Structure formats: C-alpha cells, structure tokens
Amino acid sequence: MATTDRQATTLALAHALSAAERGLAVIPLSRTKLPALRSPHRAGPAQDPPSCHGECGRFGHGVHDASTDPARIRELFAAAPWATGYGIACGLPPHHLVGVDLDTKSETDSSAALRELALRHLFTIPPTVVVLTPSGGRHLWLTAPPEAVVPNSAGRLAPGIDIRGAGGYLVGPGSRTRHGVYTTAPGTSHLPPAPCPPALLRLLLPPPRPDRAPHGTPDTHDGRGLIHFVLAAHEGQRNTRLFWAACRAYENGIGPALLGPLLDAARATGLTEREARTTIASAARMTGHRP
C-alpha cells in the first residue's frame, strides 16, 4: 500500500476517534464511501443468517459495526488497512443524528429547495455542523428526539435533498474519497449538532397511520379531510395549509383528482387562483410529481 494511503488511513482513524469522543459512533469507509469491511456472510454456508447485524461477533455488518469505543474502532481500522475515511452512524444515542444531504448532482438547486420548504413550513435551520463534500454539496447535522425514528430517503423531501436517518451514515469530515476530502465548513466545527426544527421533523417522519392520527390532524388519505383542513385556514396560514394539503394529496396519489377542489377551497379562504395554483405546483414539484 502506498505511503499516501497509509497516511490517509492514519488520518481517518484519528478523525474517527475524535468523532467518537463527541459521542458519534463510527465505522471505516473505503475511497468509494462504502463500508470498508465486506460482509462475512457474502460467501458463507446457507445456515449463515442473511440478516445478521453483528450477532455473529465478526466485523463487516456496515453501520451495525459502528462504535464509540476507541479500542473497537482501532480494531475495525486494523481489519481494514485500506480505509481512507469513516462513516458516522445516524439515529443512535446520544445525538440521534439526522443528516440533511444537499446534493449538487441533480439539475435542481437543493439549497433553494430547502429555503422554499423552510418558507412554506415556517422553520429555520439553526446554526449547526456543516460538512462540505468534494462535489460542492453540503451535509447539515441535526438531532432528533429519542422517540423519533427518521427513515432514510432520497429526493422525497425535495429533489436534490437526501436524508440520512436510522440505519444510515454520513461521511465524516476528514475522510478522503476518490473525489476529494470532506471538510467542516468554516465556523461550524465547534458547534454541536442542532435540534431538528419541529416543522422539518414532521416532514421527515413517516405519516401517521390513519387509525392513529392525532386529534385535529386531517386524514391524509381522504380528500375531504384535506379540503376541510385548507378551509379552516386563518389569514397568515392559508398558503402553508394549502401547501401541506397538496403535498399529502400528491404523496397519496390523489393530487390530480384533488386539484379542482383544492383550488376552490383556497379561493374560499381568500387566495387568488394564481396564488393557489403556484402553491399547488410547488407542492407537486416537492413531492416529485408534475404540477
């Protein structure tokens, strides 16, 4: 192995140990950003459990190997001397980390999409750790309450925005990949991961089951409930309620059928047809549908 690779592994281990001191569980990554250790079950006998999460006692179970124990982390890196980076497991205590990945590979402006979401849903991203990717993207580190299990998703929140939640991981700052080095944005390395704004957290969590919906929340599978939700809007919440209802309608496959009733309800609250159509079109784009 070349000297530069040895140096990269040594640096990755040092960064991983530093992250572990902050309560972040880590695993070694290869230059491809994938876990450096392959599954021990990939060529095993049929009796080997395909769903093993490390109960077998061997390394190679991806994010399930993640640890904050310095001794175990050194063992992981010793087993993967080709590792040049490290991954930080999301969803684990004490931080219950949630990563907002603002991608630059898609044709959409993911930063603008996040700003639009923030305006529509009345939240702001607090000062927090920001990691810069070699491709020009950004990872925002947030925390969730222990009871909130945020799933991983790609483009569900908005085109170009991926979410790293329970069972996922973020590439840690200081990691070296084929495309370059991940670095912490200036002025954010000293910050703790900030709590996820409640309005954003609601967007990230799976919708409640219809039979367990909280009191006052419309049944998102029922178009009538969404229409009543819009009609109940007071001044100052008309656009927000219309956007929320339209998002739920498109997510549940009734967006096109509900377009007319949503427009009628929006006009009844005082919005102009142009304002309502713009808001509904924005909701369609945010949920990956054609307006």
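Above this note sits the structure.
Residues numbered from 1 in each chain as written. Predicted model: local features only at pLDDT ≥ 70, side-chain atom pairs only at ≥ 80, totals over all residues. Heavy atoms only, no water.

### Considering the overall build of the protein
The following threshold applies: Secondary structure is summarised from DSSP: a helix means a run of H or I of at least four residues, a strand means a run of E of at least two, and numbering begins at the N terminus for each. Between buried and exposed lies partly exposed: a residue is buried under 20% and exposed over 50% of the maximum accessible area for its type, with that area taken using a 1.4 Å probe on protein chains only. Shrake-Rupley sampling with a 1.4 Å probe provides the accessible areas, and residues are treated as covered by the protein chains on show and by no other component.
In terms of regular secondary structure, the protein is built from eight helices and 12 strands. Within the protein, the fraction of its 291 residues that count as buried is 47%. Working note: accessible area of the protein is about 14,900 Å², and carbon and sulfur atoms make up 55% of it.

### Comments concerning the pattern of salt bridges
Our working rule: What makes a salt bridge here is a side-chain nitrogen of Lys or Arg within 4 Å of a carboxyl oxygen of Asp or Glu, nothing more.
Here the structure, examined in full by the defined rule, presents seven salt bridges. Taking the shortest distance from any N to any O, the salt bridge between D264 and R267 comes out at 2.4 Å. With D264 and R267 both in helix α7 (residues 255-268) and three residues apart, the pair spans about one turn of that helix. Taking relative accessible area as the criterion, D264 reaches 44% and is therefore assigned partly exposed. Accessibility expressed as a relative area gives 35% for R267, which makes it partly exposed.

### A word on the sheet that holds strand β8 (residues 169-171)
Where we set the bar: Strands pair, by our definition, only if DSSP identifies at least two bridges between them. Inter-axis angles, ranging from 0 to 180 degrees, are taken between N-to-C directions of lines fitted to C-alpha atoms, where helices are fitted over the stretch in contact.
Here three strands make up an open sheet; going across it, the order is β1-β2-β8 and the pairing antiparallel. Both edges of this open sheet fall to β1 (26-29) and β8, since each of them pairs with a single strand only. Put simply, the sheet's adjacent strands are angled 35° from each other on average, direction ignored. As defined by bridge partners, β1 adjoins strand β2 (residues 85-89) across four bridges and the pair is classed as antiparallel. Bridge pairing links L29 to G85 in β2.

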